[in-house]
Structure formats: structure tokens, C-alpha cells
Amino acid sequence: MTAAEKKHIEKLVKEEEGRLLGFIRKRVDEEEDVRDIAQDVYYQLTVGFNDIRSLTSITSWLFSVARNRITDHYRKKKPDRLSDKVVAPKGGEDGPLMLEDILPSLTRSPEDEFMREVIWETIEACLDRLPEAQREVFVMNEFEDMSFKEISELTGEGINTLLSRKRYAVTYLREQLRELYTEITED
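Residues numbered from 1 in each chain as written. Predicted model: local features only at pLDDT ≥ 70, side-chain atom pairs only at ≥ 80, totals over all residues. Heavy atoms only, no water.

Caption draft 1: Seen up close, the overall build of the protein. Along the backbone of the protein there are nine helices and zero strands. Taken from N to C terminus, the helices and strands of the protein fall in the order α-α-α-α-α-α-α-α-α. By residue count, 37% of the 187 residues in the protein fall in the buried class. Element-wise, carbon and sulfur atoms account for 49% of the exposed surface of the protein, whose accessible area totals about 12000 Å². (Helix = DSSP H or I, 4+ residues; strand = E, 2+ residues; numbered from the N terminus. Buried < 20%, exposed > 50% of the residue type's maximum accessible area, 1.4 Å probe, protein only. Areas by Shrake-Rupley, 256 points an atom, 1.4 Å probe, with all protein chains shown as cover.)

Caption draft 2: Highlighting the nonpolar core. Among the nonpolar cores identified, the biggest contains 37 residues, and Ile24, Leu45 and Leu127 are the most heavily contacted of them. Listing elements by their share of this core, those giving two or more residues are α1 (3-25), α2 (31-47), α4 (58-76), α6 (110-129), α7 (132-142) and α9 (159-186). With eight residues, α4 is the single largest residue contributor to this core. (Core = buried A, V, L, I, M, F, W, Y, C linked by side-chain atoms within 4.5 Å.)

Caption draft 3: The confidence of the model for the protein, seen in detail. Confidence along the protein averages 75 in pLDDT terms, with 74% of residues attaining 70 or more. Put simply, helix α5 (residues 99-102) is where the protein has its lowest mean pLDDT, 53, and helix α8 (residues 148-155) is where it has its highest, 90. The low-confidence segment residues 78-97 (pLDDT under 50) makes 16 contacts with residues lying over four places distant or belonging to another chain. (pLDDT = per-residue confidence, 0-100. Contact = heavy atoms within 4.5 Å.)

Caption draft 4: Spotlight on the packing of aromatic side chains. With the rule as written, the count across this model stands at one aromatic pair. Taken together, a centroid distance of 5.1 Å and an interplanar angle of 85 degrees make the contact between Phe23 and Phe63 edge-to-face. Residue Phe23 is found in helix α1, and its partner Phe63 is found in helix α4; the two are separated by 40 residues along the sequence. On the accessibility criterion, Phe23 (3% relative accessible area) is buried. The lysine or arginine in question, Arg27, covers the ring of Phe23, its NZ or CZ lying 3.8 Å from the ring centre. (Phe/Tyr/Trp six-rings, centres within 6.5 Å; stacked < 30°, edge-to-face > 60°. Lys NZ or Arg CZ within 6 Å of the ring centre and 35° of its normal.)

Caption draft 5: Quick peek at the layout of surface pockets. What the second largest pocket holds in volume is close to 460 Å³. Along the walls of the second largest pocket sit 19 residues, with Arg19, Glu124, Leu127, Val139 and Phe143 positioned nearest its centre. Per-element accounting of the lining of the second largest pocket gives the leading share, six residues, to α6. A per-class count over the lining of the second largest pocket returns seven nonpolar, three polar and nine charged. (1 Å grid on protein atoms, 1.4 Å probe; cavity = no way out; pocket = protein on both sides within 12 Å on 5 of 7 lines; lining within 4 Å. Points joined across faces, edges and corners; volume = space filled by probe spheres on them. Nonpolar A, V, L, I, M, F, W, Y, C, P; charged D, E, K, R; others polar.)

Caption draft 6: The arrangement of the pattern of salt bridges in detail. As enumerated under the stated definition, the model contains ten salt bridges in all. We note a salt bridge from Arg25 to Glu31, for which the minimum N-O separation is 2.9 Å. On the basis of relative accessible area, Arg25 is assigned to the partly exposed category, the value being 30%. The salt bridge involving Glu124 is made with Arg67; its shortest N-O contact spans 2.7 Å. With Glu124 in helix α6 and Arg67 in helix α4, the pair connects residues that are 57 residues apart, well separated along the chain. Connected through salt bridges with shared partners, the residues Lys26, Glu142, Asp145 and Lys166 form a single ionic network. (Salt bridge = Lys/Arg side-chain N within 4 Å of Asp/Glu carboxyl O.)

Caption draft 7: Looking closely at the packing of α7 against α8. Their axes nearest at 10 Å, the elements α7 and α8 cross at an angle of 130 degrees. By the angle class used here, α7 and α8 are oblique. α8 is crossed by α7, and the crossing has right-handed handedness. On α8, the residues that touch Glu136, Val137, Met140 and Asn141 of α7 are Phe148, Ile151, Leu154 and Thr155. Its residues placed into classes, the contact of α7 with α8 shows five nonpolar, two polar and one charged. (Axes fitted to C-alpha atoms, helices over the stretch in contact; angles between N-to-C directions. Parallel < 35°, antiparallel > 145°, perpendicular 65-115°, else oblique. Left-handed = near helix turned anticlockwise from the far one by under 90°.)

Structure representation (C-alpha cells):
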């Protein structure tokens, strides 16, 4: 690896670190596991850089590797079943809708892993169709793990405006996932 390639990797890691850690944190509870998975993703980037530099989007490659490492993590470690826990919705009924409110709870069987992949592909496609302002708030809050206060300070928008935009995004995603669920169950 040349010095220029090393510098390119370092720049990419710095740019994507917050988003990648937020993405992993949404799916893995233990901070130590989050850091281990992120480090494994970065290791895969450095080891496979010669093979992946021809990809048009290294960022999407990073998130795909992270998703695979999270799956590997749960295969190695038996997760707590959500059905064994009583989960209260975040923020009460009037609070902001969170991504986990949309997603069905799935076990870790191969069929459920496939279903989870289909759901994530649908979410990514739906996010691409959202208005930019709604998508931006949703991604910052859900994937980059930013609070609405932090987003407000960054964008200059009011917190209520941001909450409204996220609510529209979540509502749209919920409708699209409902259509996907109907499509799957009718087959």
C-alpha cells in the first residue's frame, strides 16, 4: 500500500467513523462489541483496499461489511430475545418515532436474516426517495446517533421542525414496510 493510499484510507475512516459507529450502535448493545466490529471493518478495508478501490462507493462497502460483521457477531453470541423483554416505546406515545419502532423483531434464523436484509434494502431505497430534508434528519438521528438538539445546532432548524421531518420520514418508511409485509405474506 502506497503512502497516498494509506492517507486516503485515513481520511475515509475519519469522515465515516461517526456514521459507522452510530450504525453499529443501533444494532449492537455493548460498546466494546461496537468498537470491535468497527475495528474489524477498518481492518477489512486496509487488507482488501487493492480489491475494493475500484468500487464507486467505498462508503457503501464499509456499511455492507459492518452489516456482515454484526450478523457474524450475533451468530457467535446468542442474543437476548426481544420477546423475553418488556420494551416500552421511547419517548412515550407522543414522543419521536424511532427506527426500531418500524422494524419487526426477528430471531436469528437464516430466513429471518434474509428478511432483515430485504427490509434494509427496502429502507435504503425508501430513504433515497424521501425529500432531502427528511432523509437528512432521519439519517443523522438514526444512523449517526445525533440528538435532535445536536442536529438543530448543526442545521439551524428548530427541534420541532426536525421532529416533524423525522415523523414524516418514519411514517413513509412504515407505509413502505407495510406494503412489503403484505407482499411477502400474500406469496
